[in-house]
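Chain by chain, the residues run as shown.
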Amino acid sequence: MSQASGRHFLQIPGPTNVPDQVLRAISSPTIDHRGPDFAELTHQLLDAIKPVFGTAGPVMIYPSSGTGAWEAALVNTLSPGDRVLCFETGQFATLWQEMARSLGLQVDFVPGDGRHGVDPGLVAEKLAADTARSIKAVCVVHNETSTGVTSRLPEIRQAIDTTGHSALLLVDAISSLGSADYRHDEWGVDVTVAGSQKGLMLPPGLGFNAISDKALEASRTAGLPRSYWDWKPIIEANQRGSFPYTPATNLLYGLREALRMLDAEGLPAVFARHARHARAARAAVRGWGLEVMCLDEREHSGSVTAVLVPQDQDADKIRQIILERFDMSLGAGLGKFTGRIFRIGHLGHFNDLTLAGTLAGVQMGLQLAGLDIDPGGVDAALDVLRSE
Ligand SMILES: *Cc1c(COP(=O)(O)O)cnc(C)c1O
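Residues numbered from 1 in each chain as written. Predicted model: local features only at pLDDT ≥ 70, side-chain atom pairs only at ≥ 80, totals over all residues. Heavy atoms only, no water.

Q: What should I look at first to understand the packing of aromatic side chains in this one?
A: For any two aromatic rings, the description comes down to two numbers: the centre-to-centre distance and the angle of the planes. Following the criterion strictly, the structure yields seven aromatic pairs and no others. On the numbers, 4.4 Å between centres and 5° between planes, the contact of Y228 with Y245 is stacked. One end of the pair, Y228, is in the loop between α8 (213-221) and α9 (231-239); the other, Y245, is in the loop between α9 and α10 (249-265), and 17 residues separate them in sequence. In textbook terms, an aromatic cluster arises when at least three aromatic residues are bridged by ring pairs, as seen for Y62, Y228, W229 and Y245. Here the guanidinium or amino end of K198 rests over the ring plane of F92, the centre of that ring lying 5.5 Å away. (Phe/Tyr/Trp six-rings, centres within 6.5 Å; stacked < 30°, edge-to-face > 60°. Helix = DSSP H or I, 4+ residues; strand = E, 2+ residues; numbered from the N terminus. Lys NZ or Arg CZ within 6 Å of the ring centre and 35° of its normal.)

Put into structure tokens, the structure is as follows:
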């Protein structure tokens, strides 16, 4: 594959394709992170990032993966032994609750089938049953990247409110931020966790926490040990345009460029583009006679479509054929769904023909793997792209 000509198709649901102008911005010379130019960049970025989260509050930017930002959300708001309510939407929810356990939190992990989002009714039921008010946080993965299911956050917020429970709402928006409608303030989210390498079109390496006043208040008494992730010194340093430790300078140049691009397209248009590509991808999957993982029409992901393969097929073998023949990477099934599904990433720097090429590669790969599919799948997707 080292001799492949043309561009590699990186159609995993993150890291996503990085636009050329973002790559160019990242390749600028590294500057003094304590100098005046950098302070200006910091102030500019900390403002420009807010609309993407839908917040007027502070946003922490860490030199970390998304997993680091998960940890930051937990250690800044909770104390050893606190109960947290988590929902098994898929592999990422599973990993986050494992982290919570390893940090010394008590986790109620509500089982799920991987084909539905968090059930708002179940959130209300669990919180109403907690008459001692011992649950301190509800953790939700907004877009479960491992299954292509997006949970209905406004309804989850409403469910929490109907119980009058004061638990914090912590949300992983790593693969929805910048590709699906997201409203930290309006939805009453206390901590939004995000990362750079999905909808924000950057390489991996930045983690984010958007935080509410209530989360900030909780951080004043939260007892979990923390140092690197501590919000307080970051907020103080940010006010001066700096960070408590060396930030990922060049990724921040990239972030400035990516935010400019999102702003120029307009967030509503960005979200509509993702939703439309997702509809076209589902039309292809159904056209082939295959099944989309997500079973609820209200919960389809705009950023990734997970495709269930027939029982007698190995999804990883199909991915391997597609990589070898067409130089395209698709997402693997994770955890419980290893070998059972493959995932088509359609988020970030992406247009109609990227999707058409992606789906053509998938269709040929399915045929080469010997699946008895209907070759009308790609046409069904093109119909959507042509008409919507
Ligand atoms: C990618 C992803 C993560 C993990 O982020 P890393 O940067 O790999 O640590 C967590 N949650 C979701 C929903 C993701 O899509």
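Q: Looking at this structure, how should I read empty space enclosed by the protein?
A: Which parts of space are left empty comes out when a probe the size of a water molecule is rolled across the atoms. For the structure on display, the rule yields three cavities of 30 Å³ or more. In this structure, the largest cavity spans a volume of roughly 50 Å³. For the largest cavity, the full set of lining residues is C86, F87, T89, A93, W96, Q97, V118, C139, V140 and V141. When contributions to the lining of the largest cavity are tallied by element, the ones reaching two or more residues are β3 (83-87), α5 (91-102) and β5 (135-141). Considered class by class, the residues forming the lining of the largest cavity number eight nonpolar, two polar and no charged. Within this model, the second largest cavity holds a volume of roughly 40 Å³. Residue lining of the second largest cavity: T147, G148, R282, V292, C294, H300, S301, V304, T305 and A306, and that is the complete set. For the lining of the second largest cavity, the element with the most residues is strand β12 (residues 304-308), which contributes three residues. Considered class by class, the residues forming the lining of the second largest cavity number four nonpolar, five polar and one charged. (1 Å grid on protein atoms, 1.4 Å probe; cavity = no way out; pocket = protein on both sides within 12 Å on 5 of 7 lines; lining within 4 Å. Points joined across faces, edges and corners; volume = space filled by probe spheres on them. Nonpolar A, V, L, I, M, F, W, Y, C, P; charged D, E, K, R; others polar.)

Q: Looking at this model, I keep getting lost on the confidence of the model for the protein chain. Mind explaining?
A: Detailed reading of predicted coordinates is not advised where the pLDDT is low. Looking at the protein chain, the pLDDT average stands at 97 and 99% of residues meet or exceed 70. Per-residue pLDDT, averaged within each element of the protein chain, yields its smallest value for helix α2 (residues 36-48) (96) and its largest for strand β9 (residues 191-195) (99). (pLDDT = per-residue confidence, 0-100.)

Q: How do you make sense of the layout of surface pockets when you look at a structure like this?
A: Estimated volume of the largest pocket: approximately 370 Å³. Counting only elements with at least two residues in the lining of the largest pocket, the list comes to α7 (153-163) and α11 (267-287). Considering each element in turn, the lining of the largest pocket owes the most residues, six residues, to α11. Considering only residue class, the lining of the largest pocket consists of seven nonpolar, eight polar and seven charged. Three or more residues apiece are contributed to the lining of the largest pocket by two domains, here domain 1 (9-16 + 268-387) and domain 2 (20-263). (Domains from an automatic or database assignment.)

Q: I would appreciate a short explanation of the sheet that holds strand β11 (residues 291-292) in the present structure.
A: Strand pairing in a sheet relies on backbone hydrogen bonds, with the paired strands running either antiparallel or parallel. Strand order across the open sheet formed by five strands is β1-β13-β14-β12-β11, with mixed pairing between neighbours. Each having just a single partner strand, β1 (9-11) and β11 make up the two edges of the open sheet. (Pairing = 2+ DSSP bridges.)

Q: What should I look at first to understand the pattern of salt bridges in this one?
A: Summed over the entire model, instances satisfying the criterion amount to 21 salt bridges. With a shortest N-O distance of 3.5 Å, E236 and K232 are connected by a salt bridge. Residue E236 and its partner K232 are both found in helix α9; the two are separated by four residues, about one turn of the helix. Judged by relative accessible area, which is 39%, E236 ranks as partly exposed. (Salt bridge = Lys/Arg side-chain N within 4 Å of Asp/Glu carboxyl O. Buried < 20%, exposed > 50% of the residue type's maximum accessible area, 1.4 Å probe, protein only.)

Q: Mind showing me how you'd approach the state of the cysteines here?
A: Disulfides are covalent bonds that connect the sulfur atoms of two cysteines. Scanning all chains against the criterion turns up zero disulfides. C86 forms no disulfide, and the closest cysteine sulfur to it belongs to C139, at a distance of 4.1 Å. Exposure remark for C139: the relative accessible area of 5% places this residue in the buried category. (Disulfide = S-S within 2.5 Å.)

Q: I'm lost on the sheet that holds strand β2 (residues 59-62) in this one. Help?
A: The strand order across the open sheet built from seven strands is β2-β10-β9-β8-β5-β3-β4, with neighbouring strands paired in mixed fashion. The sheet is open, and its two edges are formed by β2 and β4 (106-110), each paired on a single side. Strand after strand, the sheet turns through a mean of 20° between neighbouring axes, direction not considered. As paired elements, β3 and β4 share five bridges and run parallel to each other. The partner of F87 across the bridge, within β4, is V110. Each of β3, β4, β5, β8 (168-172) and β9 touches α5; the most contacted strand, β4, lies at about 160° to it. (Axes fitted to C-alpha atoms, helices over the stretch in contact; angles between N-to-C directions. Contact = heavy atoms within 4.5 Å.)

Q: Looking at this structure, how should I read the domain arrangement of the protein chain?
A: Note: interface size is frequently given as the accessible area lost on complex formation between the parts. As assigned here, the protein chain comprises domain 1 (9-16 + 268-387) and domain 2 (20-263). On the side of domain 2, 31 residues touch domain 1, which itself brings 31 residues to the contact. When the two sides are added together, the surface that domain 1 and domain 2 hide from each other amounts to roughly 2400 Å², 55% of it contributed by carbon and sulfur. The interface formed by domain 1 and domain 2 holds three salt bridges in total. Residue R152 is joined to E299 by a salt bridge in which the shortest nitrogen-to-oxygen separation is 3.0 Å. (Buried area = accessible area lost by both parts, 1.4 Å probe.)

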